[in-house]
Amino acid sequence: MSSPGSSRDKYSSLVVGRPGLAALLKYELVVTLAQARAGALGLVLRKRLYPLLLGSCGRNVVFGQNVVLRHPHKIHIGSNVVVDDNCLLDAKGESNQGISVGDGVFVGRNSILSCKNGDIELKDGANIGFNCEVFSASRVTIGAGVLMAAYGYIIGGDHDFSDPTKPVLDQGRTSSGVTIGDGAWLGAGAKVLDGVSIGDHAVVGAGAVVRDDVPAHAVAVGVPARLVTSRTTS
């Protein structure tokens, strides 16, 4: 048995999220057999083996090559989902529920869903583009049919920097969470900061930095983002 605080325990805590040698060996076996396997064989192995680690998994789920799962028992995936190559789904936390992915969701390659004791929910039909990051230290909800273009960031947490005598890393985190309404579109490179709510069917322009709420059907652009028009018809 490993001693308390051993390298094995630290690894298990970071990656597996469950105590015990059996959970670790199961995780390592699945990763060794399937994670980096190329071609059709890799797709088949991940389709068969990854659900053994997950909290739940629906039908017709495609996991690309080198998809990394952390605390996988807190990851729940619906049906007809695609998680493309090199994605990270990290449900890490001591008291959180983790990551919930609805039916028909697409997560583009190199994208990251990262929890730090927070929760992430992607509702049915959400589309996360390539090289995106969704971070949650409390709760981030991405609505049904949301389109998040490449290189977007949703930042559901922040650092406390109120004490100028201490490094920011030593001052803890704050988080109010982020909500993206159904049918919204975030343009390429858009960044949504902690505490923001974006309404249903709103549009955020490419490269915008959103630090205030965006109403439903509104169009917001710029740094910081400002409202320029509405998509509603009079």
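Given the structure is predicted, the values throughout are model-derived calculations rather than measurements. In this numbering scheme, every chain counts its residues from 1 along its sequence in written order. Local features in this predicted model are restricted to residues whose pLDDT is 70 or higher, and side-chain atom pairs enter the listing and the counts only when it is 80 or higher, whereas totals over whole chains, interfaces and linings include all residues. Only heavy atoms go into the side-chain values, all of them from the structure, while hydrogens and water stay out.

Caption draft 1: Fine view of the packing of helix α2 (residues 21-35) against helix α3 (residues 39-49). In this description, a line fitted to the C-alpha atoms serves as the axis of each element, helices being fitted only across the stretch in contact, and the angle between N-to-C directions of two axes falls anywhere from 0 to 180 degrees. Working definition: helices are DSSP H or I runs of at least four residues, strands are E runs of at least two. Numbering for both runs from the N terminus. At their nearest, the axes of α2 and α3 sit 8 Å apart, and the two run at 155 degrees to each other. Taken together, the axes of α2 and α3 are roughly antiparallel relative to one another. Contacts between α2 and α3 involve Val-30, Leu-33, Ala-34 and Gln-35 from the first element and Leu-45, Arg-46 and Leu-49 from the second. Under this scheme an angle from 65 to 115 degrees is roughly perpendicular, one under 35 degrees roughly parallel, and one over 145 degrees roughly antiparallel; angles in between are oblique. Here, residues are in contact when the closest pair of their heavy atoms is within 4.5 Å.

Caption draft 2: Expanded view of unusual backbone geometry. That bond from Val-223 to Pro-224 is cis: its omega, -10 degrees, falls within 30 degrees of zero. You can see Pro-224 is positioned in the loop between β24 (218-221) and β25 (226-230). Although it is not a glycine, Asn-117 adopts a positive phi angle of roughly 65 degrees. Between buried and exposed lies partly exposed: a residue is buried under 20% and exposed over 50% of the maximum accessible area for its type, with that area taken using a 1.4 Å probe on protein chains only. Asn-117 sits in the partly exposed class, given a relative accessible area of 35%. One non-glycine residue, His-201, lies in the positive phi region at around 60 degrees. Along the polypeptide, His-201 turns up in the loop between β21 (197-198) and β22 (203-204). What makes His-201 partly exposed here is its relative accessible area of 35%.

Note that every value here comes from positions in space, so none of it alone points to a role or purpose.
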